[in-house]
Amino acid sequence: LKCKSNNSLLLNKIANHFLTNKKPLESLRFREKLLANDPDNPQVNFDLARTYHELKDFDQAICFNKKAIELNPQMIGAMYNIALIYTELKDFGSAEKIYQNVLDLDPNNLDSLNNLAALKQKAGEHTKALDLYRKSLKCDENNYHALYNMTGSLRALGKKSEAKEVLEKLLSFDRPDRTDH
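Now for a description of the structure that goes with this document. All of these numbers come straight from a predicted model, not from anything done at the bench.

With respect to the packing of aromatic side chains
Part 1 of the reasoning: In the structure shown here, the tally under the stated rule is four aromatic pairs.
Part 2 of the reasoning: Their ring planes at 10° and their centres at 5.7 Å tell us that Y52 and F64 sit as a pair that is stacked. You can see Y52 sitting in helix α3 (residues 42-54) and its partner F64 sitting in helix α4 (residues 58-71), a full 12 residues away along the chain.
Part 3 of the reasoning: Put simply, the rings of Y144, Y148 and F173 pair up and form one aromatic cluster.

Quick notes on helix α5 (residues 76-88)
Part 1 of the reasoning: Here α5 spans 18 Å end to end across 13 residues, near enough to the 18 Å set by a 1.5 Å rise per residue.
Part 2 of the reasoning: Buried residues of α5: I76, A78, M79, Y80, N81, I82, A83, I85 and Y86, and no others.
Part 3 of the reasoning: Next to the buried residues of α5 lie α3, α4, α6 (92-105) and α7 (110-122).
Part 4 of the reasoning: Looking one or two places after α5, you find K90, whose phi comes out positive at around 65°.

Brief notes about unusual backbone geometry
Note: most peptide bonds trans; most residues except glycine with negative phi.
Part 1 of the reasoning: One non-glycine residue, K56, adopts positive backbone phi at about 65°.
Part 2 of the reasoning: Among the structural elements, K56 can be located in the loop between α3 and α4.
Part 3 of the reasoning: Of the residues examined, K56 reaches a relative accessible area of 51% and is grouped as exposed.
Part 4 of the reasoning: In the Ramachandran plot, K90 falls in the positive-phi region, its phi being about 65° despite a non-glycine side chain.
Part 5 of the reasoning: Examined against the element boundaries, K90 turns out to sit in the loop between α5 and α6.

Let's talk about the pattern of salt bridges
Part 1 of the reasoning: Tallied over the entire structure, the rule returns 10 salt bridges.
Part 2 of the reasoning: In this structure, the salt-bridge partner of K22 is E54, at a minimum N-O distance of 3.8 Å. Of this pair, K22 sits in the loop between α1 (8-20) and α2 (24-37) while E54 sits in helix α3; the two residues are 32 residues apart in sequence, bridging distant segments of the chain.
Part 3 of the reasoning: Take K22: its relative accessible area is 61%, and that puts it in the exposed class.
Part 4 of the reasoning: Between K120 and E125 there is a salt bridge, with the nearest N and O atoms lying 3.5 Å from each other.
Part 5 of the reasoning: The exposure class of K120 is buried, given its relative accessible area of 10%.
Part 6 of the reasoning: Three or more residues joined by partner-sharing salt bridges are found here, namely E96, K120, E125 and K128.

Brief notes about the side chain of S153
Part 1 of the reasoning: Mapped onto the elements of the fold, S153 is located in helix α9 (residues 144-156).
Part 2 of the reasoning: Engagement of the side chain of S153 in a polar contact is seen with the side chain of Q121, the distance being 3.3 Å.
Part 3 of the reasoning: Setting aside residues up to four positions removed in sequence, S153 forms contacts with Q121, H126, A129 and L130.

Definitions and cut-offs
- Residues numbered from 1 in each chain as written.
- Predicted model: local features only at pLDDT ≥ 70, side-chain atom pairs only at ≥ 80, totals over all residues.
- Heavy atoms only, no water.
- Phe/Tyr/Trp six-rings, centres within 6.5 Å; stacked < 30°, edge-to-face > 60°.
- Helix = DSSP H or I, 4+ residues; strand = E, 2+ residues; numbered from the N terminus.
- Expected span 1.5 Å × (residues − 1).
- Buried < 20%, exposed > 50% of the residue type's maximum accessible area, 1.4 Å probe, protein only.
- Contact = heavy atoms within 4.5 Å.
- Salt bridge = Lys/Arg side-chain N within 4 Å of Asp/Glu carboxyl O.
- Polar contact = N/O pair within 3.5 Å; in protein donor to acceptor, adjacent residues only side chain to side chain.

No statement about biological role is implied by the geometric values presented.
Written out as structure tokens, the structure is:
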């Protein structure tokens, strides 16, 4: 597919189509053209970063996410994506700092609350993890992942009866991704 158009909307739709259909290299060609047309657009930089992330080119993904943040310091999605990359790279300290930056801008960001709680849990900081999971549940009391993950910290802290209550609540959920055998 060749596209000589400079129509940003069309280029973006094509790039999104390829990325959605797991063809990030094809998407990249269109994202780079969009960047050449509009290098100071934070969304263009963010979208290019997402494409590089999909390609597992983490250095480029971080670079373009940082550029998006430089252009728009409130671009929470770019911050969050950097934290995800650091988590994938097992640089948990850096990921934790960035999740906290996201929460400073958006205290009820469920993904950041849950991911930061999971990092605390992994580090054995179960009381802090529980605080974050509980905060997440104040925003969405049926947050399946927060409920599921918090049971580990509850058990680690010896709160077995509370963990059992949470597990019973989880079993009451009708989840389409759960299969019974």
